[in-house]
Amino acid sequence: MTYVITQTCCSDATCVAVCPVNCIHPTPEERAFGSTEMLHIDPATCIACGACADACPVDAIFPVDKLPAAQREYADVNAGYFDEGGAAGGPAPEPEGPNFHPWGEPSFPRVLPADFAPLKVAVVGTGPAGMYAAQDLLLHTGAEITLIDRLPVAGGLVRYGVAPDHPATKRVGDTFARFHAHPRVRMHLGLDVGADVTAEEIADHHDAVIYAVGASADRRLGIPGEDLPGSLSARAFVAWYNAHPDAAADTVDLSAERVVVVGNGNVALDVARILLADPDALARTDIADHALSALRSGKVREVVLLARRGPEHAACTRSELLALKHLPGVDLVVDDHDPRIAAAIDAAGPKDKAAVLRDVTRAPVDLGRQPGPGRRIVLRFHSEPVEIQGEGRAEAVRVASGAGERVLRAGLVLRAIGYRGVPVADLPFDETTGTVPHEGGRVAGRPGAYVVGWIKRGPTGGIGANRTCAAETVSTLLADAVAGTLPAPRQPLRAFHRLARRRNRQVVDARGLAAIERAETARGEAAGRPRVKLATVAELVSTARSRRPGLLR
């Protein structure tokens, strides 16, 4: 028996560190790390010790014989990575000798000298990028950390970006939550940098500031009709079903029978799954109450995923595409409107994404009519939207394809073509890439300012990619500290805590966050769900203020 990594792999490489026989690849030291969609376990060398499964923060690793039917294909995915030829930058041959695998020279790039005074570091953003950076500093140094977030609750992408039907992925948040009450951490949730406090004021009280603010905007199509009611971004839709305080309960109208999603990346697939999922199944997740109610009463029966290129260039990961084939009660169809589509699928090699679609139904689909009975997802490749049409709201999408232009009827259009960073107060910004210019995480021309996550590298990579990204930024920060190039704080750290509370009386601390957690999980227990989220700033703040006395600060 061997172990297998499945769909929800976060690629943060915790499993690599605990494997005694070096059978998980690519490792962070290998060239392919960060470019593969997931990590893989070599069935030829796995000793089935289970250490990787115990360490996995998202419960993505299982014994082969315990895989449910819908995940058995992942055994072949793992084994296929190690087939002859392998992936570029794959594992190196194991040396002969008594050691399980070779060990490099010890390296401690993120450790300060023992006599170094504790650094005072502010981290703006409590999503995965910010929390990986905070974790790195807390585990390797004696730094005192100030966590700041615009929202009155922590979590970022884990709370508001992960689809509710991926509960295992959300468990990585438990790893971060243990640092919220760390004795060297102070939290200021609901504090808006730029509105409540300035970047300069934060810098005045800290040795360094790490910005982990993500990518909070989205790319646009740039076509007529894009701003019609009923046409919105997938980012807004995801925020809506995840109970983000910025998303009003009436943001989405699900009265249409067909929805067109422009894009075929993982976010597009998330959107399609949620739209067609059984509401009774979603009722066992932490989906927003208003979204669950709308899905129960909604009329959506068909979701069309538009892709500008062919199936060989699908933007989603192979693992998510595999999962799309096993949705209960939902048919998957490839719209066979262009001969290039079938040719690409039939010519795909066993490791190519397009090969996943080989056993999927292919048929021409008439998208000018109302959908037929049942629920289905239609993959329509080689189709580019050129106009969203409608009188007062979106009613159709005009697309260009190899066979000319067609009009697809749809009452809701969601663009899922990528996120985009927005300018950060007082920091330089590259409008082309939507990122802050940096050198190894160090903000160009701003001593003491650093970036991590999507605002640093652009909106690429999942949760685990932020671990190596944070390691680089922290290494740069500590190197600057040792070199003496960090500007000295002009004000004591305690003065910042007083300043924050003076500027915003509704700031939530770790004790208030714990009260929110208790309230949401209690509501969930009563409803047979993992949690029922508080969906507005007012609810979050009032719940935080009702906290019980405790040891948390």
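All figures in this text were calculated on a predicted structure; none of them were measured in a lab.

Analysis parameters
- Residues numbered from 1 in each chain as written.
- Predicted model: local features only at pLDDT ≥ 70, side-chain atom pairs only at ≥ 80, totals over all residues.
- Heavy atoms only, no water.
- Helix = DSSP H or I, 4+ residues; strand = E, 2+ residues; numbered from the N terminus.
- Rg over C-alpha atoms; globule rule 2.2 N^0.38 Å.
- Buried < 20%, exposed > 50% of the residue type's maximum accessible area, 1.4 Å probe, protein only.
- Contact = heavy atoms within 4.5 Å.
- Areas by Shrake-Rupley, 256 points an atom, 1.4 Å probe, with all protein chains shown as cover.
- Lys, Arg positive; Asp, Glu negative; His and termini not counted.
- Charge placed at Lys NZ, Arg CZ, Asp CG, Glu CD.
- Pairing = 2+ DSSP bridges.
- Axes fitted to C-alpha atoms, helices over the stretch in contact; angles between N-to-C directions.
- Core = buried A, V, L, I, M, F, W, Y, C linked by side-chain atoms within 4.5 Å.
- pLDDT = per-residue confidence, 0-100.
- Patch = residues over 30% accessible without salt bridge, like charges linked within 9 Å, V, L, I, M, F, W, Y side chains within 5 Å.
- Salt bridge = Lys/Arg side-chain N within 4 Å of Asp/Glu carboxyl O.
- Domains from an automatic or database assignment.
- Buried area = accessible area lost by both parts, 1.4 Å probe.

A. Local environment of the overall build of the chain. Secondary structure assignment for the chain yields 19 helices and 23 strands. Its C-alpha atoms give the chain a radius of gyration of 24 Å, near enough to 24 Å, the size a compact globule of 553 residues would have. By its C-alpha atoms, the chain is 70 × 65 × 50 Å across when sized along the principal axes. The buried share of the chain, reckoned over its 553 residues, is 54%. Excluding contacts between residues fewer than 6 apart, the proportion of contacts in the chain whose partners are at least 24 apart in sequence is 75%. If you sum the accessible surface of the chain, you get close to 24,100 Å²; carbon and sulfur atoms cover 51% of it. Charge separation in the chain, taken as the distance between the mean sites of 62 positive and 66 negative side-chain charges, equals 6 Å.

B. Structural view of the pairing of strand β16 (residues 383-389). Across six bridges, β16 lies against strand β17 (residues 396-401) in antiparallel orientation. Within β17, the residue paired with E387 across the bridge is R398. Linkage of β16 to β17, two consecutive antiparallel strands, is achieved through a turn of six residues, within which G390 is found at a positive phi near 160°.

C. How the structure looks around the sheet that holds strand β11 (residues 258-262). Across the sheet, which stays open at both edges, the seven strands sit in the order β10-β19-β11-β12-β15-β13-β14 with parallel pairing between neighbours. The strands lining the two open edges of the sheet, one partner per strand, are β10 (231-233) and β14 (361-363). Strand-to-strand twist across the sheet, computed as the mean angle between neighbouring axes with direction ignored, equals 25°. Alignment of β11 against strand β19 (residues 412-415), held across four bridges, turns out to be parallel. Paired with V262 across the strands is R415, a residue of β19.

D. Structural context of the nonpolar core. Of all hydrophobic cores here, the largest spans 129 residues; its most connected members are I24, I145 and I377. In contact with I24, not counting residues within four places along its chain, are I5, C15, V16, C19, L39, H40, I41 and C52. The next biggest cluster of nonpolar side chains, apart from the first, holds 22 residues, and it includes V124, V197, I202 and V443.

E. Here's a closer look at the sheet that holds strand β18 (residues 404-409). Within the open sheet, the three strands sit side by side as β16-β17-β18. Their pairing is antiparallel. Two strands in the sheet have a free side with no partner beyond their single neighbour: β16 and β18. Neighbour-to-neighbour, the strand axes of this sheet turn through a mean angle of 30°, independent of strand direction. As paired elements, β17 and β18 share six bridges and run antiparallel to each other. In the sheet register, R398 faces β18, and the bridge partner there is V407.

F. Molecular detail of the confidence of the model for the chain. Confidence in the prediction of the chain, expressed as mean pLDDT, is 90, and 94% of residues score 70 or more. In this model residues 85-92 is a low-confidence stretch, pLDDT under 50, and it forms 15 contacts with partners more than four residues away in sequence or in other chains. Low pLDDT, under 50, characterises residues 549-553; the stretch is placed with 13 contacts to residues that sit more than four places away or in other chains.

G. Region of the structure containing a positive patch on the surface. Side chains of R494, R498, R502 and R505 sit close together on the surface and give a patch of like positive charge. Relative to the helices and strands, R494 is located in helix α17 (residues 493-503). Relative accessible area serves as the criterion here: at 63%, R494 is assigned to the exposed category.

H. Just the pairing of strand β5 (residues 120-124), in detail. Where burial is concerned, most of β5 is hidden: four out of the five residues are buried. Bridge count for β5 against strand β6 (residues 144-149) is five bridges, and the pairing is parallel. The residue of β6 that forms the bridge with K120 is E144. Two strands pair when backbone bridges link them, and β5 and strand β8 (residues 208-211) are joined in this way by four bridges, in the parallel orientation.

I. The domain arrangement of the chain, seen in detail. Domain parsing of the chain yields domain 1 (3-83), domain 2 (120-216 + 421-507) and domain 3 (219-419). On the domain 2 side, the residues contacting the eleven residues of domain 1 number twelve residues. Counting the surface lost from both domain 1 and domain 2, the interface buries some 860 Å², and carbon and sulfur atoms represent 53% of this. Looking at the side of domain 1 facing domain 2, the largest losses of area belong to D12, P57 and V58, adding up to 44% of the total buried there. Summed over the shared surface of domain 1 and domain 2, the number is one salt bridge.

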